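Listed below, chain by chain, are the residues.
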Amino acid sequence: MSVGSISMHSTGSRVFSGGVWEEKYGYARAVVVGNRVIVSGCTASVGGEVHHIGDAYQQSLTAIDIALEAVVTGGLTCEDVVMVRYYVVEQRHFDLVGRAIAEVFGGVRPACTGVRVAGLVDPGMLVEIEIEAMRA
């Protein structure tokens with residue numbers, strides 16, 4: 001899967017996707033620290049619009065794709081991912097998000113934490129995913 005409408009760029013130690021929340025809230029999509037790339041929480045928001053309304057599985061795949069684009073822009077790969085954290089708004093979405101994570105990272109087997117939260121910044125968002133990658 002590729003989110004073609006997102007164009008990541010790096011300023012050295014920071015990666016930006018141009019997302020509306022990055023500018024509005026003053027953060028980077030990812031930060032490169034030595035041999036690590038730490039990616040901010042990613043959702044299925046592309047171009048300021050939430051994609052796959054009502055579908056936690058597809059939102060997860062989109063969020064993971066955005067996060068992995070930041071990892072690659074920061075100089076690492078999917079195989080370097082060591083930690084995935086995900087936040088869901090509904091209990092019933094854990095398995096759907098877990099399935100997406102397993103499909104993408106099943107061969108890598110990073111550490112992973114899932115948390116249920118009261119809500120995300122946009123009510124259409126069902127899941128938010130953070131990734132950390134580190135070159136061994």
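Right above here is the structure, for reference.
Residues numbered from 1 in each chain as written. Predicted model: local features only at pLDDT ≥ 70, side-chain atom pairs only at ≥ 80, totals over all residues. Heavy atoms only, no water.

Novice: Looking at this structure, I do not really get the packing of aromatic side chains. What am I missing?
Specialist: Within a pair of aromatic rings, the relevant descriptors are the distance that separates the centres and the angle that separates the planes. Overall, the coordinates contain one aromatic pair when judged by the stated rule. Considering the side-chain rings of tyrosine 86 and phenylalanine 94, the 5.9 Å spacing of their centres and the 65° angle between planes classify their relative orientation as edge-to-face. On the accessibility criterion, tyrosine 86 (10% relative accessible area) is buried. The ring of tyrosine 57 carries arginine 99 above its face, with NZ or CZ at 3.8 Å from the centroid. (Phe/Tyr/Trp six-rings, centres within 6.5 Å; stacked < 30°, edge-to-face > 60°. Buried < 20%, exposed > 50% of the residue type's maximum accessible area, 1.4 Å probe, protein only. Lys NZ or Arg CZ within 6 Å of the ring centre and 35° of its normal.)

Novice: Explanation requested: the pattern of salt bridges in the structure shown.
Specialist: Summed over all chains, the structure comprises five salt bridges. One salt bridge connects arginine 29 with glutamate 22, and the closest N-O pair in it is separated by 3.3 Å. For arginine 29, a relative accessible area of 7% translates into the label buried. One salt bridge connects glutamate 132 with arginine 85, and the closest N-O pair in it is separated by 2.9 Å. On the criterion of sequence distance, the pair formed by glutamate 132 in strand S9 (residues 127-134) and arginine 85 in strand S7 (residues 81-88) is long-range, its members being 47 residues apart. For glutamate 132, a relative accessible area of 13% puts it in the buried group. Since its relative accessible area comes to 25%, arginine 85 is described here as partly exposed. Connected through shared salt-bridge partners, Arg36, Arg85, Glu130 and Glu132 make up one network. (Salt bridge = Lys/Arg side-chain N within 4 Å of Asp/Glu carboxyl O. Helix = DSSP H or I, 4+ residues; strand = E, 2+ residues; numbered from the N terminus.)

Novice: What's the story with helix H2 (residues 56-73) in this structure? I'm lost.
Specialist: Along an α-helix, residues three or four positions apart point the same way, because every turn accommodates 3.6 residues. When the terminal C-alpha atoms of H2 are compared, their 26 Å separation across 18 residues agrees well with the 26 Å that a helix rising 1.5 Å per residue should span. Taking burial as the measure, the 18 residues of H2 include 15 buried ones, the bulk of the element. The N-cap residue of H2 is aspartate 55: its side-chain oxygen and the backbone nitrogen of tyrosine 57 are 3.2 Å apart. Looking one or two places after H2, you find glycine 75, whose phi comes out positive at around 100°. (Expected span 1.5 Å × (residues − 1). Polar contact = N/O pair within 3.5 Å; in protein donor to acceptor, adjacent residues only side chain to side chain.)

Novice: For this particular structure, what's the right way to read the state of the cysteines?
Specialist: Simply put, the disulfide is a covalent bond whose two ends are the sulfur atoms of two cysteines. Here the structure, examined in full by the defined rule, presents zero disulfides. Between cysteine 42, a cysteine without a disulfide, and cysteine 78, which holds the nearest cysteine sulfur, the sulfur-to-sulfur distance is 14 Å. We classify cysteine 42 as buried; its relative accessible area is 1%. No disulfide involves cysteine 112; its nearest neighbouring cysteine sulfur is the one of cysteine 78, lying 13 Å away. Under the relative-accessibility criterion, cysteine 112 is labelled partly exposed at 41%. (Disulfide = S-S within 2.5 Å.)

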